[in-house]
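A structural walkthrough
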Amino acid sequence: MNAPKRLKLETPTKPTLTPILADELYKELPLIDVYVGKIKDPKTTSKVVVELNSVLPIPELTHLKRVRGKEILLFPKGDNDEDDCLTVLKQKGFDVDLIESQVRVIAVAEIPPKVRKQYEVVHKLWPCNFHSNAYWEKLSTNSLFSDSELEQHAKFMRIAIDICDICSVRVSAVVVDPVITSVVGFGFDQTSDYPTKHAVMVAIDEVARSQKGGVWPRHQNYDKIQSLLKMKHENLQFGFSTSGEGPYLCTGYSVYTTCEPCITCAMALVHSRAKRVFYGVKSEKGALGSSCKIHIVENLNHHYEAFAGLLETECRAVSCEQ
Amino acid sequence: MELTDTEQQFMEKAFEYAYEALAAKEVPVGCIFVYKDEIVALGRNTVNESRNATRHTEINCIEQVTDYCRDKGLDLGAAFRQVCVYVTVEPCIMCINALYDLGVHSVVFGCKNDRFGGQTVFDVGSVRQAPTRIKGGWRAEEAMNLLKEFYKGVNPSAPPSKVKVRGKKT
């Protein structure tokens, strides 16, 4: 934080955040070595391709084109060395006279690219199919939200920060139904009561209460806090919608928390089927980017999107360990 | 796996609550917490009745132990470090992390939890210090059959599925 200040040409009011992406949406793609041969006569190209595809299909590399100009992708190198390549082709019944005897090895994308940035890298290595997904592109280039949406997210984070101030606690959580921009429930750290009463867990129980459930008695000052928040924030709505199928757990809801949730809270939000989680400050024990990424564990039945660093400075001022 | 006679009795008790959960249309997981050979917490999942997906039996039991310690004037941290947990299904990622946070002495479970398991689906112990000893496999088939029995039925709280069946024209 002590870096020299850079000259800013615009007022730094626009809130920022960082999506915590699945590896597949930002990591460099793994590469695999393949044999590439040269077709002797360009007129035979389609014949070579058909023949190769029938004797040596490569189902694991269907994202790659078979041909680049006169060059043709033969098969993954595996443990063989170059001399063995033609022998293998012959054994498979391929007419090796159609290609030059010189075969080379190049590295190509082992798996299909998910986003344009990955595609541009691997397409240079060898032509590659790519189906752009508009949503992934926005997410991976951090352009998912418009300025007014960012402002909306910041507004709810400010409410979380205010709760910390009002209650003199370090962590709070606010659950919002984004469809009706309304606070369904909020919670703050009450671990002195029970070790399980992390801010997120309390907020989840408030949501349960809105669905005629819940187990913990509501904090004695809950209504008072709500009135203070309403006074401070114009047009702030509380409540839930019963339209459609009616609310089920945290389905469709966004969660704003000053501090990165721990593994317990991050998984509680998976169980609760939250849609998005926004947090301010990273935490060493945090499970949405710092120690792990619970929201994208592959074998789980539900995943949500996580965004870090929303109003980070303000959150740090009220927050924990950092 | 081998359990002492006393441990087997503890597991038997945990299974009683798993059966009770099934009868109550809750995910059939039962659990007891033992402190100095005494059962200090027991119960089952109460997710559906509380409309709160975090109300797993372990979380319920942690709170019972907290009440017990308050009642007896025991130091919470010290007491939890001597707690042994007996649960019919491998604790989920959420619960195992809560148990690690409290530093419970040991966890004995029945069957693996291939949907949410804190070892099987994501090994929480691989990203944090965890003093707790864990062993599983006791009456695993019986515990798994309980789960299968539950998932055969319809979860009464879940909304209708939005997944469309491929190729099925309506």
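Residues numbered from 1 in each chain as written. Chains lettered and ligands numbered in written order. Predicted model: local features only at pLDDT ≥ 70, side-chain atom pairs only at ≥ 80, totals over all residues. Heavy atoms only, no water.

Focus on the overall build of chain B
- Helix and strand counts for chain B come out as 6 helices and 5 strands.
- Reading the secondary structure of chain B in the N-to-C direction produces α-β-β-α-α-α-β-α-β-β-α.
- Compactness check: chain B gives a C-alpha radius of gyration of 17 Å against a globular reference of 15 Å for 170 residues, within 12% of the reference.
- Taking the principal axes of the C-alpha coordinates as reference, chain B spans close to 65 × 35 × 30 Å.
- By the burial criterion, 50% of the 170 residues in chain B qualify as buried.
- For chain B, the share of sequence-separated contacts (at least 6 apart) that also reach a separation of at least 24 residues comes to 61%. (Helix = DSSP H or I, 4+ residues; strand = E, 2+ residues; numbered from the N terminus. Rg over C-alpha atoms; globule rule 2.2 N^0.38 Å. Buried < 20%, exposed > 50% of the residue type's maximum accessible area, 1.4 Å probe, protein only. Contact = heavy atoms within 4.5 Å.)

Description of the sheet that holds strand 5 (residues 133–136) of chain B
Residue and element names in this part refer to chain B.
- Ordered in space as 2-1-3-4-5, the 5 strands form an open sheet in which the pairing is mixed. Every interior strand has two partners, whereas the edge strands, strand 2 (38–44) and strand 5, have only one. Within the sheet, the average angular offset between the axes of one strand and its neighbour, ignoring direction, is 15 degrees.
- Both strand 3 (residues 83–89) and strand 4 (residues 106–111) contribute to a ladder of 5 bridges, which runs parallel. Within strand 4, the residue paired with V85 across the bridge is V107. (Pairing = 2+ DSSP bridges. Axes fitted to C-alpha atoms, helices over the stretch in contact; angles between N-to-C directions.)

Description of helix 5 (residues 93–102) of chain B
- The element helix 5 of chain B is extensively covered by neighbouring structure, given that 9 of its 10 residues are classed as buried.
- Taken residue by residue, helix 5 of chain B has B:I93, B:M94, B:C95, B:I96, B:N97, B:A98, B:L99, B:Y100 and B:L102 as its buried positions.

Quick look at the UniProt feature "domain: CMP/dCMP-type deaminase" (unreviewed entry) in chain B
- If you check UniProt for "domain: CMP/dCMP-type deaminase" (unreviewed entry), the listed places come out as residues 5–121 of chain B in our numbering.
- Annotated as 46% helix and 22% strand, the span residues 5–121 of chain B places its first and last C-alpha atoms 31 Å apart. (UniProt positions renumbered as here; feature names shortened; annotations may be inferred.)

Overview of the interface of chain A and chain B
- Counting from both sides, the interface comprises 34 residues of chain A and, opposite them, 34 residues of chain B.
- Summed over both partners, the interface of chain A with chain B comes to about 2700 Å²; 66% of that surface belongs to carbon and sulfur atoms.
- When the area that chain A buries against chain B is broken down by residue, the three leading residues are A:Y194, A:Y248 and A:H271, summing to 20%.
- Linking chain A with chain B are 11 residue pairs in polar contact (both at pLDDT 80 or more).
- Those elements that provide at least two residues to the side of chain A that touches chain B are helix 6 (199–210) and helix 8 (263–271) of chain A.
- Across the side of chain A that touches chain B, the residue classes break down as 17 nonpolar, 12 polar and 5 charged. (Buried area = accessible area lost by both parts, 1.4 Å probe. Polar contact = N/O pair within 3.5 Å; in protein donor to acceptor, adjacent residues only side chain to side chain. Nonpolar A, V, L, I, M, F, W, Y, C, P; charged D, E, K, R; others polar.)

Regarding a nonpolar patch on the surface
Residues and elements named next belong to chain A.
- Together, I166, L228 and M231 line one region of the surface with nonpolar side chains, adding up to about 290 Å² of accessible area.
- Tracing the sequence through the fold places I166 in helix 5 (residues 147–167).
- For I166, a relative accessible area of 35% gives the class partly exposed. (Patch = residues over 30% accessible without salt bridge, like charges linked within 9 Å, V, L, I, M, F, W, Y side chains within 5 Å. Areas by Shrake-Rupley, 256 points an atom, 1.4 Å probe, with all protein chains shown as cover. Salt bridge = Lys/Arg side-chain N within 4 Å of Asp/Glu carboxyl O.)

A few points about the nonpolar core
- Counting residues in hydrophobic clusters, the biggest one holds 87 residues, and the most contacted among them are A:I294, B:F33 and B:V85.
- The element best represented in this core is helix 5 of chain B, accounting for 8 residues.
- Counting residues in each nonpolar core, the second largest holds 36 residues, with A:L144, A:V174, A:Y222 and A:L229 among its members. (Core = buried A, V, L, I, M, F, W, Y, C linked by side-chain atoms within 4.5 Å.)

Overview of the packing of helix 5 of chain A against helix 7 (residues 222–232) of chain A
All names here are of chain A.
- Their axes nearest at 11 Å, the elements helix 5 and helix 7 cross at an angle of 130 degrees. Here helix 5 lies oblique to helix 7, going by the angle between them. Taken as a pair, helix 5 and helix 7 cross one another with a handedness that is right-handed. Between helix 5, through I159, D162, I163, I166 and C167, and helix 7, the contact on the second element is made entirely by I225, L228, L229 and K232.
- Here the residues of the contact of helix 5 with helix 7 are counted per class, giving 7 nonpolar, no polar and 2 charged. (Parallel < 35°, antiparallel > 145°, perpendicular 65-115°, else oblique. Left-handed = near helix turned anticlockwise from the far one by under 90°.)

Some points on unusual backbone geometry
- Unlike most non-glycine residues, A:N142 shows phi in positive territory, near 50 degrees.
- Tracing the backbone shows A:N142 in the loop between helix 4 (134–140) and helix 5.
- Of note in this structure, B:R51 is not a glycine but carries a positive phi near 55 degrees.
- Residue class for B:R51 comes out partly exposed when judged on its relative accessible area of 37%.

Re the side chain of B:E7
- Tracing the sequence through the fold places B:E7 in helix 1 (residues 5–23).
- Excluding residues within four positions of it along the chain, B:E7 makes contact with B:Y86, B:V108 and B:K135.

Considering the side chain of A:E51
Residues and elements named next belong to chain A.
- Following the sequence through the fold, E51 ends up in helix 1 (residues 45–55).
- Lacking a salt bridge, the buried E51 has K47 as its closest oppositely charged neighbour, with an N-O distance of 4.8 Å.
- With residues near it in sequence (within four places) discarded, E51 still touches G93, F94, D95 and L98. (Lys, Arg positive; Asp, Glu negative; His and termini not counted.)

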